[in-house]
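Results of the structural survey
Residue strings, one per chain:
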Amino acid sequence: MDLDVLLPSLIPSLQSVYVLVSYFVYLAVAGELLPGKVIRGVVLSDGSQLRYRCNGLFALTLLVAILGISAKLGIVSPLVVADRGLELLSATFIFCVLVTLVLYITGRSSSDKSSSLKPHVSGNLVHDWWFGIQLNPQFLSIDLKFFFVRAGMMGWLLINLSILAKSVQDGSLSQSMILYQIFCALYILDYFVHEEYMTSTWDIIAERLGFMLGWWLLHNKVQLTVPAIVANCFVFLIGYMVFRGANKQKHIFKKNPKTPIWGKPPVVVGGKLLASGYWGIARHCNYLGDLMLALSFSLPCGISSPVPYFYPIYLLILLIWRERRDEVRCAEKYKEIWAEYLRLVPYRILPYVY
C-alpha cells in the first residue's frame with residue numbers, strides 16, 4: 001500500500017473515536033444491567049472471591065440486533081469498521097497505551113492490601129507497565145480484565161461482520177470468506193455460551209487479529225478445493241474439541257475434584273493437580289487446541305503468502321512463552337508434587353513432540 005494513503009488512514013478521526021467510545025460504554029452498561037448468571041471466581045490468596053456476571057451472550061445478541069436495526073434504518077453503516085479499520089486500529093492502540101499507563105500510575109499509588117488490588121512493583125518501569133501491577137484492577141466496580149476480554153471477543157465478531165458486509169456489497173464473497181466467517185463465529189459464540197469457564201483460567205489477553213485475516217480475504221481472491229475445505233474443517237473441529245474439552249474438564253475439576261473424567265475417577269497428584277483426561281495427555285493441552293483453532297482461521301487464506309499466518313505464529317510464540325513462565329511458577333508453588341506430575345504427564349503441549 002502507498003504510504004501516502006496508509007499514513008493518513010492511520011490517524012484516528014472523530015468518528016472512529018466516537019465508535020470506539022460508544023462500544024465501550026455499551027459494554028460497561030450492558031455488563032452491569034443485563035441479567036446473567038453470577039459466578040464466583042477462584043479463591044484468591046487472601047480467601048476472597050470476585051463475582052462475575054456472565055451475560056456476554058445476551059449483551060452480544062442485543063448489540064448485533066441494535067446494529068442490524070440501525071443499519072436497516074440507515075442510522076449506522078454496516079461498513080463503518082471495514083472502511084475505517086486502520087483508524088479504529090490506531091485509536092484502539094492509543095486507548096490501550098493510555099489505559100495501561102493509568103493502571104500503572106494508579107497501581108503504584110495504591111495502598112490496598114487485598115489480593116486483587118495489592119500492588120506488585122518490581123522497580124522496572126517497562127516490566128511493571130507490560131505485566132501490570134495489580135491482579136484484578138477495577139473501574140467503577142467493573143473488573144477490567146474480564147471486561148477487556150469480553151470487548152476483544154465481541155469486537156472480533158463485529159469486525160468480521162463488517163468485512164462480510166463489505167464483501168457482499170463488492171460482490172467478492174468467496175468460499176474462503178464464508179469458511180473463515182463460520183469458524184470465527186462458532187468460536188466466539190461458543191466462548192460466550194461457556195463464558196463462566198473464563199473465570200477459572202489463567203489467561204493473558206491475546207489479540208485475535210480478526211481484522212487482518214478478514215481484510216486479507218477481502219482483497220485477495222482465494223479459491224479452495226473440496227479436499228482443502230474438508231481438511232480445514234477437520235483442523236477446526238479437532239482443535240475445538242481439545243480446546244473446549246480441556247477447559248471444561250479443568251473448570252469442573254476446580255468446582256468438584258471428584259467428578260469423573262471420561263467416565264473414570266480422576267487421577268489427582270497431591271490432591272491438587274489433575275492428571276486425567278486431556279490433562280493426562282499434556283500439561284497444557286488446551287494450548288494445542290487453541291493453536292489448531294488459530295491455524296483453522298488462517299487456512300482459508302491459502303498458502304500463497306505468509307501474511308495471514310501471522311496470528312497462529314504469534315500465538316505459538318505467546319503460548320510457549322506463557323507455558324514456560326507457568327511451569328516455573330508451578331514448580332515453585334507445588335515443589336515435590338510438581339515433580340511427580342511431570343513424571344505422570346511428561347509432555348508440555350504436543351504429545352511425543354513437545
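Residues numbered from 1 in each chain as written. Predicted model: local features only at pLDDT ≥ 70, side-chain atom pairs only at ≥ 80, totals over all residues. Heavy atoms only, no water.

Within the largest apolar cluster, 47 residues are counted, with the highest numbers of intra-cluster contacts made by Tyr23, Trp156, Tyr187, Ile188 and Phe297. Counting only elements with at least two residues in this core, the list comes to helix H2 (14-33), strand S2 (51-54), helix H3 (56-72), helix H7 (144-170), helix H8 (175-193), helix H10 (226-255), helix H11 (285-298) and helix H12 (310-334). No other element matches the 9 residues that H7 contributes to this core. Of all hydrophobic cores here, the second largest spans 9 residues; its members include Val242, Ala246, Ile261 and Trp279. (Core = buried A, V, L, I, M, F, W, Y, C linked by side-chain atoms within 4.5 Å. Buried < 20%, exposed > 50% of the residue type's maximum accessible area, 1.4 Å probe, protein only. Helix = DSSP H or I, 4+ residues; strand = E, 2+ residues; numbered from the N terminus.)

Moving on: the UniProt feature "transmembrane region" (unreviewed entry) in the protein. The positions that UniProt labels "transmembrane region" (unreviewed entry) are, in the present scheme, residues 16-35, 56-76, 88-106, 147-165, 177-193, 224-243, 263-281 and 293-321. Helix makes up 0% of residues 263-281 and strand 21%. Its end C-alpha atoms lie 16 Å apart. End-to-end, the C-alpha atoms of residues 293-321 are 19 Å apart, and along that stretch the chain is 62% helix and 0% strand. (UniProt positions renumbered as here; feature names shortened; annotations may be inferred.)

Turning to the side chain of glutamate 327, a few remarks are in order. Along the chain, glutamate 327 turns up in helix H12. Among the residues examined, glutamate 327 registers a relative accessible area of 9% and is labelled buried. Only 2.9 Å separates the side chain of glutamate 327 from the side chain of histidine 284, close enough to count as a polar contact. If near-sequence neighbours (up to four positions away) are discounted, glutamate 327 is found in contact with Arg283, His284, Trp338, Leu342 and Arg348. (Polar contact = N/O pair within 3.5 Å; in protein donor to acceptor, adjacent residues only side chain to side chain. Contact = heavy atoms within 4.5 Å.)

Attention shifts here to a nonpolar patch on the surface. Together, Val17, Val21, Val25, Val29 and Leu33 line one region of the surface with nonpolar side chains, adding up to about 440 Å² of accessible area. Assignment of secondary structure puts leucine 33 in helix H2. (Patch = residues over 30% accessible without salt bridge, like charges linked within 9 Å, V, L, I, M, F, W, Y side chains within 5 Å. Areas by Shrake-Rupley, 256 points an atom, 1.4 Å probe, with all protein chains shown as cover. Salt bridge = Lys/Arg side-chain N within 4 Å of Asp/Glu carboxyl O.)

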